[in-house]
Amino acid sequence: MKRCDWAETGNQAMKEYHDVIWGVPEYDDQQLFRKLVLDSNQAGLSWQTILNKSVAFDEAYENFEIEKVAAFDDEKIASLMGNAGIIRNRLKITAAINNANCILQIQKEWGSFSAYLWHFVAGKPVVHYFKTSEEIPTKTPLSDEITKDLKKRGFKFVGSTIIYAFLQAVGIVNDHLTVCFRHEEVQEKL
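Since we're looking at a predicted model, the values are computed, not measured.

Asks: Explain unusual backbone geometry here, please?
Replies: Glycine aside, residues mostly have negative phi angles, and peptide bonds mostly take the trans form. In this structure, Glu62 takes a positive phi of about 55° despite not being glycine. Note on placement: Glu62 falls in the loop between helix 5 (54-60) and helix 6 (66-70). Judged by its relative accessible area of 30%, Glu62 is partly exposed. Not every positive phi belongs to a glycine, and Phe64 is a case in point at roughly 60°.

Written out as structure tokens, the structure reads:
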């Protein structure tokens, strides 16, 4: 069974993430927020590092319940800064809190964070047909557009490269290689 190249370089958790989660369209606001925070924390690090810490992130960030994270105070930030199980970067921690508050505003305007995100692609995933990893871009006009709008809405730590990785992770973009068994499986579920 052939996978995308990056999934073959990691441990079993990486393979399972690739085989079950990555690239599958996600519509749940809490899961979208979780993936946004994890992708923001990946900046400068490997995905394997974040994946290895994902359980600790879930615990530290209250299972990414948006309202709870939006209410994190200085005491909670200090607690997170002392938690060796997660990435202890104050800018990334405060960005997660800020972004939770921004998502609450989007939910008021759009009904859900999901509706807001999926409107950029008219509700249908963008499907690419890349044969090699080298063909996959690190950002696109779509990620540039979403990044610009998120920043206008006050989001932090959401550069175009981070947003493109996020779009791939949540299935708004299907970048499984054409030789990967998941490329067609994800297509069939649409």
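Asks: What should I look at first to understand the packing of aromatic side chains in this one?
Replies: In this description, an aromatic ring pair is defined by two values, namely the gap between the centres and the angle between the planes. Inspection of every chain in the model, using the stated rule, returns 12 aromatic pairs. Considering the side-chain rings of Phe57 and Tyr61, the 5.9 Å spacing of their centres and the 20° angle between planes classify their relative orientation as stacked. The burial state of Phe57 is the same as that of Tyr61; both residues are buried. An aromatic cluster is present here, built from Phe33, Phe57, Tyr61, Phe64 and Phe72 joined pairwise through their rings. Taking the ring centre of Phe72 as reference, the NZ or CZ of Lys76 above it sits at 5.0 Å.

Asks: Help me out: how do you make sense of helix 10 (residues 141-152) in this one?
Replies: Since the α-helix turns once every 3.6 residues, residues separated by three or four places project in the same direction. Here helix 10 is 12 residues long and its end C-alpha atoms lie 16 Å apart, about the 16 Å a rise of 1.5 Å per residue gives. Inspection of helix 10 places Leu142, Ser143, Ile146, Thr147, Asp149 and Leu150 among the buried residues, and these make up the whole buried set. Along the long axis of helix 10, the arc covered by the buried residues comes to 165°, so they all point the same way. Along helix 10, the residues that are exposed and aim more than 90 degrees away from the buried face are Pro141, Lys148 and Lys152. The inward-facing, buried residues of helix 10 contact helix 9 (113-119), strand 1 (126-127), helix 11 (160-169) and strand 2 (173-174). Directly beyond the C-terminal end of helix 10, a positive phi value near 100° is found at Gly154.

Asks: Looking at this structure, how should I read the state of the cysteines?
Replies: A disulfide bridge is the covalent bond that connects two cysteines by way of their sulfur atoms. For the coordinates displayed, the defined rule picks out 0 disulfides. A disulfide-free cysteine, Cys4 has its sulfur positioned 3.8 Å from the sulfur of Cys180, the nearest such atom. For Cys4, a relative accessible area of 1% translates into the label buried.

Asks: Honestly, the nonpolar core in this entry has me stumped. Any pointers?
Replies: If you look at soluble globular proteins, the nonpolar side chains tend to sit buried side by side. Residues Phe33, Tyr61, Phe113, Leu117, Ile146, Phe155 and Leu167 are the most contacted members of the largest nonpolar core, which totals 54 residues. No other element matches the 8 residues that helix 8 (residues 90-110) contributes to this core. In this structure Phe33 touches Phe64, Ile66, Val69, Ala96, Asn99, Ala100 and Ile103, once residues within four positions along its chain are discounted.

Asks: Just checking my understanding: could you explain the pattern of salt bridges for this structure?
Replies: Think of it this way: side chains of opposite charge can pair up when their charged atoms draw near. Under the criterion given, the structure shown has 9 salt bridges. Its salt-bridge partner being Arg153, residue Asp149 comes within 2.8 Å of it at the nearest N-O pair. By relative accessible area, which is 26% here, Arg153 ends up partly exposed. Bridged by salt links that share partners, the residues Glu109, Asp149, Lys152 and Arg153 form one connected network.

Asks: Help me understand the packing of helix 10 against helix 11 in this model?
Replies: What describes two packed helices is the angle between their axes and the distance between those same axes. For the pair helix 10 and helix 11, the least separation of the axes is 8 Å and the interaxial angle reads 110°. On the basis of their axis angle, the class for helix 10 and helix 11 is roughly perpendicular. Crossing handedness for the pair helix 10 and helix 11: right-handed. Contacts from Leu142, Ser143, Asp144, Ile146, Thr147 and Leu150 in helix 10 reach Ser160, Ile163, Tyr164 and Leu167 in helix 11. Residue classes in the contact of helix 10 with helix 11 are distributed as 6 nonpolar, 3 polar and 1 charged.

Criteria and cut-off values
Residues numbered from 1 in each chain as written. Predicted model: local features only at pLDDT ≥ 70, side-chain atom pairs only at ≥ 80, totals over all residues. Heavy atoms only, no water. Helix = DSSP H or I, 4+ residues; strand = E, 2+ residues; numbered from the N terminus. Buried < 20%, exposed > 50% of the residue type's maximum accessible area, 1.4 Å probe, protein only. Phe/Tyr/Trp six-rings, centres within 6.5 Å; stacked < 30°, edge-to-face > 60°. Lys NZ or Arg CZ within 6 Å of the ring centre and 35° of its normal. Expected span 1.5 Å × (residues − 1). Arc of directions from axis to C-beta. Contact = heavy atoms within 4.5 Å. Disulfide = S-S within 2.5 Å. Core = buried A, V, L, I, M, F, W, Y, C linked by side-chain atoms within 4.5 Å. Salt bridge = Lys/Arg side-chain N within 4 Å of Asp/Glu carboxyl O. Axes fitted to C-alpha atoms, helices over the stretch in contact; angles between N-to-C directions. Parallel < 35°, antiparallel > 145°, perpendicular 65-115°, else oblique. Left-handed = near helix turned anticlockwise from the far one by under 90°. Nonpolar A, V, L, I, M, F, W, Y, C, P; charged D, E, K, R; others polar.

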